[in-house]
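What follows is each chain in one-letter form.
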Amino acid sequence: MSNDFRLGGDLPIRRLGFGAMRLPTNSFHGPARDPETGRAVLRRAVELGVNHIDTAAFYTSGDGSVRANDLIREALHPYPADLVIATKVGPLRTPDGGLEATTDPGVLRALVEENLDTLGVDRLDLVYLRIGGIAPPPRGESVAARFEALAALREEGLIRHLGLSHVDAGHLAEARAIAPVTAVQNHFHADGRDDTEMQARFEEYGIAYVPYFPLGGGLSDIGGDRVAKVADRHGATVAQIALARLLASSPVALAIPGTGSPAHLEENMAAASITLTDEDLADLRLR
């Protein structure tokens, strides 16, 4: 299976990318991490071949002093010609440092402009419309007005490709009737595969599937017996096998593990060199 994917048919990216959420802090309410370490992680990620970085303007430390978009711009601007930066809009920071999703399409222009400004670009490569929180996607909630607002910004040239995050099949169908959907970002990992049925749709439509929390996000245990068995066979870590399993699950699957640790980054990136055997795939229930 190829290690590359052509996003939207025109942006070639490597299927193992990098998620920027944990650069400012280890959790939304946690203390700020050292920004220089964050910048070093980003530079090393690019050195290791990453050309797809997933971020958001609301990825900040609890006190707002360290912001993922700022770190990306400071570390990598002017950006490599092949670097694709994806961001997402919809969630808003609350006064207590939490997040709430907006349903107001009028807010989205300001959020897109915030990402343009903080990343230092004239056009965003990929913008996801994020709805809901971590709980199951809000079924029956229309995304039409919000997706139409982003589609209008795409027509203006401020956005290259559009995506959806935390959605179900109904949301996907509604959005695709308005404008092309290039990528979907839902919760999916080695021991919690809730989107298996939707993956078939992504393959049919050529939509990139870019799960958030591919290693569980600290909320889920991915170290089941099946994953651990394959990890032992390869002399690899459970996290590395979980990433390899995700990439093996579909030709449209992309992985964006995040970290604020240089050592953890190296471990994650090494997953790209793991080739799963037929026996491995059977143990991981892919065959």
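The coordinates are above.
Residues numbered from 1 in each chain as written. Predicted model: local features only at pLDDT ≥ 70, side-chain atom pairs only at ≥ 80, totals over all residues. Heavy atoms only, no water.

S.K.: It is not clear to me how the packing of helix H7 (residues 225-234) against helix H8 (residues 238-249) should be interpreted in this structure. Could you clarify?
M.R.: Between two packed helices, what matters for the description is the angle formed by their axes and the separation of those axes. Relative to each other, H7 and H8 sit at 105°, their axes nearing to 9 Å. With respect to H8, the element H7 is oriented roughly perpendicular. Across the interface between the two elements, Val227, Ala228, Val230, Ala231 and His234 from H7 touch Val238, Ile241 and Ala242 from H8. Of the residues contributing to the contact of H7 with H8, the split by class is seven nonpolar, one polar and no charged. (Axes fitted to C-alpha atoms, helices over the stretch in contact; angles between N-to-C directions. Helix = DSSP H or I, 4+ residues; strand = E, 2+ residues; numbered from the N terminus. Parallel < 35°, antiparallel > 145°, perpendicular 65-115°, else oblique. Contact = heavy atoms within 4.5 Å. Nonpolar A, V, L, I, M, F, W, Y, C, P; charged D, E, K, R; others polar.)

S.K.: Looking at this model, I keep getting lost on the pattern of salt bridges. Mind explaining?
M.R.: If charged atoms from side chains of opposite charge come close, those side chains can pair. According to the stated counting rule, one finds 16 salt bridges in the structure shown. In this structure, the salt-bridge partner of Arg39 is Glu36, at a minimum N-O distance of 3.1 Å. Taken together, the residues Arg39 and Glu36, both in helix H1 (residues 35-47) and three residues apart, mark about one turn of the helix. Using a relative accessible area of 38% as the deciding quantity, one classes Glu36 as partly exposed. In this structure, Glu155 engages Arg154 in a salt bridge whose closest nitrogen and oxygen atoms are separated by 3.6 Å. Taken together, the salt bridges that share partners define one network made up of Lys229, Arg233, Glu279, Asp280 and Asp283. (Salt bridge = Lys/Arg side-chain N within 4 Å of Asp/Glu carboxyl O. Buried < 20%, exposed > 50% of the residue type's maximum accessible area, 1.4 Å probe, protein only.)

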